[in-house]
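Chain and residue survey
The residues making up each chain are set out below.
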Protein chains: 2
Amino acid sequence: MQATIITIGDELLYGQTVDTNSAYMGRELALLGIRVREILSISDDKAAILEALARAENASDLVLITGGLGPTKDDITKVTLAEYFNTPLVSNPEILAKLEEFFTRRNRPMLQSNADQALMPEACMPLRNDRGTAWGMWFEKNGKVFVSMPGVPFEMEALMQQEVLPKAKQFFKLPAIIHKHILTAGVGESFLAERIAAFEDNLPEGIKLAYLPSVGGVKLRLTAAGAEREVVQQLLDAQLAKLQPLIEEAIYGYDDDTLEEVIGKKLIEMGKTYSTAESCTGGYIAHQITLAPGSSKYYNGSIVSYTNEAKNEILGVKQETIREHGAVSEQTVREMVAGVCKGMHTDYGIATSGIAGPTGGTAEKPVGTVWIAYGSPNDIRTKKYEFKASRKINIQLTGLMALELFRKYLEEKG
Amino acid sequence: MQATIITIGDELLYGQTVDTNSAYMGRELALLGIRVREILSISDDKAAILEALARAENASDLVLITGGLGPTKDDITKVTLAEYFNTPLVSNPEILAKLEEFFTRRNRPMLQSNADQALMPEACMPLRNDRGTAWGMWFEKNGKVFVSMPGVPFEMEALMQQEVLPKAKQFFKLPAIIHKHILTAGVGESFLAERIAAFEDNLPEGIKLAYLPSVGGVKLRLTAAGAEREVVQQLLDAQLAKLQPLIEEAIYGYDDDTLEEVIGKKLIEMGKTYSTAESCTGGYIAHQITLAPGSSKYYNGSIVSYTNEAKNEILGVKQETIREHGAVSEQTVREMVAGVCKGMHTDYGIATSGIAGPTGGTAEKPVGTVWIAYGSPNDIRTKKYEFKASRKINIQLTGLMALELFRKYLEEKG
């Protein structure tokens, strides 16, 4: 089973858009056991698209195509697919009705270019797009499958999950593959590798381990494959049980867990709440926490105090604390936690203060210096970091480490 | 002048690494006026590499290749290039000396696999790599150029700047090409297309228009090309001057501008400050604003009030306002703006309150209902939206629209 990915759009060739769609599709296909043979990024150009389709058809069983489905003139993927499969474009009443509803609800006029999005190649099965106006297309030809999706990642991802992957599973006869992701934060890849080297060397046939590093964390993935789903599951469970105790303190969750949601579940269990007081993270932690639906059950909010005045007046950090120790200091973040717990009426708080960069550092407190405090007003813990990355990554690392420290604190408490 | 980019590595096909190298090379080539015809991502596999090289040679004048130059067994790009160009590998004394120095300085033993990195195809010109142990290679064949570089972005970028781009400028006779990005927010792609349809139809030879849509915004790109740089610039400027008045109210900036930085510059110019009071956006707006270095000059912070208590106690929203109109209401966001300006001592404020989803909606206020207020305490404006996307995208759209409304407000004021 081999696949080709074709991403269409001049913006990819000019480098104005980084092609993240291919990596997303590659990951999802790998999870099904489908190997991507080649990724082709090409221009919004008829000859280029036709040539890429022929090349992909020749080499692969499955061809995933993104881009070029918008309502504007440079979007020519649909008409080119119709030409390639020698099939006429016909108006699809279901799509047209959805489009009319879409524009009526938004009180916007439906232009001819919008109505044209209801035209579909007759030979394809339309794939419903709940997040946009360009539907996907599923073509079958001599036992091979071609899928065309919009290039907007948010729309493509929903189409993949809701339509393409389930249909591909059904269409192709695939072996049973089960993955388990073990999520860790705050420890390096080489440290993990050292701890589990013997485990890795002794992995039995049919199971593989992969390291997927990201900012501040490493995801481990166990993948087991075989003919029988139950046997595969047993193999995976047995190895997971061996792996867990080796790195227990670094594991914050599994599969789709996020650190914020793990903390949220724990707080609901404990009947407690928290809030944040953010200086250098500037709202990043609050944003991460509130991305989780239902976070208002355990999270009351954040004071983003970008001035010393706000730290003093809203959070109650004493003026002499800032004067004597500075805004980036252990004493300041301690008082920020106490202040935000009081002001937001929460059991726990997290506070950050640091120099995210690129300027503002001193010899004593270089760019990347960050103080984190966390806990309840009567048991506040602190930790200092010196990150070495860009402003954006320093902010992300601070947020991740603050949440991970707080997660471990809650583990201890409850 | 056409180029092909070939990126080599199984991690790209599995989606474990997003191919950012191609976008970097594409951008740099575009600045030289070299059009990338195709990007090919392939496996560390001899047959795949040979086939990709033949395909690229057939279609392009310049072929840039990254990846597969490391010291491990799966790195086979160099031997495959030697085979393709039918040339032997010979040890390069300069590279070998550099390698020995590298390992001596780090007190690490030099393994045979490391020493092998000094082997170079005889037919190539080696390209010095100051940031790593794998040098680049420059091959010429029938007036075409093939360049191989390591896949580590930090090394590839230095090689491009120091070696590849200067050599390519010399080798090829290149036209002048100039791009201009026009950034818009809050209006749809099809609406823009309709407004500028006549402009687009009448674009003269040598200039092209592209639409690059993203969440809540559309980037327009004008690209002009020709023999003389000055003539190209004039052509571009003339068309830009025609385009601007057609969509003036939607344009927030050009090229690398961000909405947050445009607002920041305007506030610095006016000598004013702002702050935010966020309910449904949960810190997202604060995070976007504070990603900009130096934002503390004009931004004082945010109150992320996820509870009615915090809205009342910290922001001063009256209890009866929330009781009578609800937290998601025009009256509440108005009082939030007044409260945050007072509490944070700023001239202006932005407030959001809404139902981000996926649950929490009612018949009267469905998921996606958002109220935004902005302005100074004595001139607060409001607007209501009903977004239809996921929780995450509803949050992003709210943030974008709030900032765009505030930008227009500032335009009017100053």
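Keep in mind the model is a prediction, meaning the values are calculated, not measured. (Residues numbered from 1 in each chain as written. Chains lettered and ligands numbered in written order. Predicted model: local features only at pLDDT ≥ 70, side-chain atom pairs only at ≥ 80, totals over all residues.)

**Comments concerning the sheet that holds strand E11 (residues 217–226) of chain A**
Residues and elements named next belong to chain A. For clarity, the cut-off: Here, any two strands with at least 2 DSSP bridges between them count as paired. Elements are defined by DSSP. Helices are runs of H or I of four residues or more, strands are runs of E of two residues or more, and each kind is numbered from the N terminus. Only the stretch in contact is used when a helix axis is fitted, and all axes are lines through C-alpha atoms; the angle between N-to-C directions ranges over 0 to 180 degrees.
Read across the open sheet, the four strands follow the order E10-E11-E9-E12; overall the sheet is antiparallel. Strands at the two margins of the open sheet, each flanked by one partner only, are strand E10 (207–214) and strand E12 (251–254). If you compare each strand with its neighbour and ignore which way they point, the axes differ by 25° on average. In terms of strand pairing, E10 meets E11 through eight bridges, oriented antiparallel.

**Let's talk about the interface of chain B and chain A**
Heads up, the condition is: It is the C-beta atoms, placed from the backbone, that decide contacts: two residues are in contact if theirs lie within 7 Å. Each residue is assigned to one of three groups, with Ala, Val, Leu, Ile, Met, Phe, Trp, Tyr, Cys and Pro labelled nonpolar, Asp, Glu, Lys and Arg labelled charged, and all others, Gly among them, labelled polar.
At the interface, 59 residues of chain B touch 63 residues of chain A. The leading source of residues in the side of chain B that touches chain A is helix H2 (residues 20–32) of chain B, at eight residues. Tallied by class, the residues present in the side of chain B that touches chain A amount to 31 nonpolar, 20 polar and eight charged. As paired strands, strand E2 (residues 35–42) of chain A and strand E2 (residues 35–42) of chain B are joined by five bridges and run antiparallel to one another. From the neighbouring strand, Ile42(A) faces E2(B), where its bridge partner is Glu38(B).

**Re the nonpolar core**
We count it as follows: In this description, a nonpolar core means buried residues of the types Ala, Val, Leu, Ile, Met, Phe, Trp, Tyr and Cys, linked to one another by C-beta atoms lying within 7 Å. To sort residues by exposure, count the other C-beta atoms lying within 10 Å of each residue's C-beta; 20 or more gives buried, 12 or fewer gives exposed, and values between give partly exposed, all with C-beta atoms placed from the backbone.
Core analysis: the largest hydrophobic core is formed by 119 residues, its most contacted members being Val337(A) and Val337(B). For this core, the element with the highest residue contribution is helix H16 (residues 391–413) of chain B, accounting for eight residues. Apart from the residues within four sequence positions on either side, Val337(A) is in contact with Ala277(A), Gly349(A), Ala351(A), Ala373(A), Tyr374(A), Gly375(A) and Ile380(A).

**Examining the confidence of the model for chain A**
Under the convention used in this document: A residue's pLDDT is simply how confident the predictor is in it, with values from 0 to 100.
Per-chain confidence: chain A averages 94 in pLDDT, with 100% of residues scoring 70 or above. Among the prediction metrics, the complex's ipTM stands at 0.80, with pTM recorded as 0.81.

**Quick look at the environment of Ala224(A)**
Residues and elements named next belong to chain A. Mapped onto the elements, Ala 224 comes out in strand E11. According to the C-beta neighbour criterion, Ala 224 is buried, with 24 such atoms within 10 Å. The spacing of Ala 224 and Leu 209 is 15 residues in sequence and 9.1 Å in space, taken between C-alpha atoms. When neighbours within four sequence positions are excluded, Ala 224 is seen to be in contact with Ile 178, Gly 206, Ile 207, Val 232, Leu 235 and Leu 236.

**Considering helix H7 (residues 153–171) of chain B**
Residues and elements named next belong to chain B. Convention followed: Take the seven residues that end at a residue and the seven that start at it, fit an axis to each, and the angle between those axes is the bend at that residue.
The sharpest bend along H7 measures roughly 50° and falls at Met 160. Along H7, the residues classified as buried are Glu 155, Met 156, Leu 159, Met 160, Glu 163, Val 164 and Ala 168. Residues of H7 that are buried make contact with H2, strand E3 (62–66), strand E6 (125–127), strand E7 (136–141) and strand E8 (144–149).

**Considering the sheet that holds strand E9 (residues 176–185) of chain B**
All names here are of chain B. Spatially, four strands are ordered E10-E11-E9-E12 in an open sheet, and the strand pairing comes out antiparallel. Only two strands of the sheet have a single partner each, and these edge strands are strand E10 (207–214) and strand E12 (251–254). Along the sheet, successive strands turn relative to each other by an average axial angle of 25°, direction set aside.

**Some thoughts on the packing of helix H11 (residues 259–270) of chain A against helix H16 (residues 391–413) of chain A**
To describe two helices that pack against each other, one gives the angle between their axes and the distance between the axes. Residues and elements named next belong to chain A. The line we're drawing: Working rule for angles: under 35 degrees goes down as roughly parallel, over 145 as roughly antiparallel, 65 to 115 as roughly perpendicular, anything else as oblique. A clockwise turn of the near helix away from the far one marks a right-handed crossing, whereas an anticlockwise turn of less than a right angle marks a left-handed crossing.
Where H11 meets H16, the closest approach of the two axes is 10 Å, and the angle between their N-to-C directions is 25°. It follows from the interaxial angle that H11 and H16 lie roughly parallel. Of the two elements, H11 crosses H16, and the hand of that crossing is left-handed. Where H11 abuts H16, its residues Leu 259, Glu 260, Val 262, Ile 263 and Lys 266 lie against Leu 403, Glu 404, Phe 406, Arg 407 and Leu 410. Of the residues contributing to the contact of H11 with H16, the split by class is six nonpolar, no polar and four charged.

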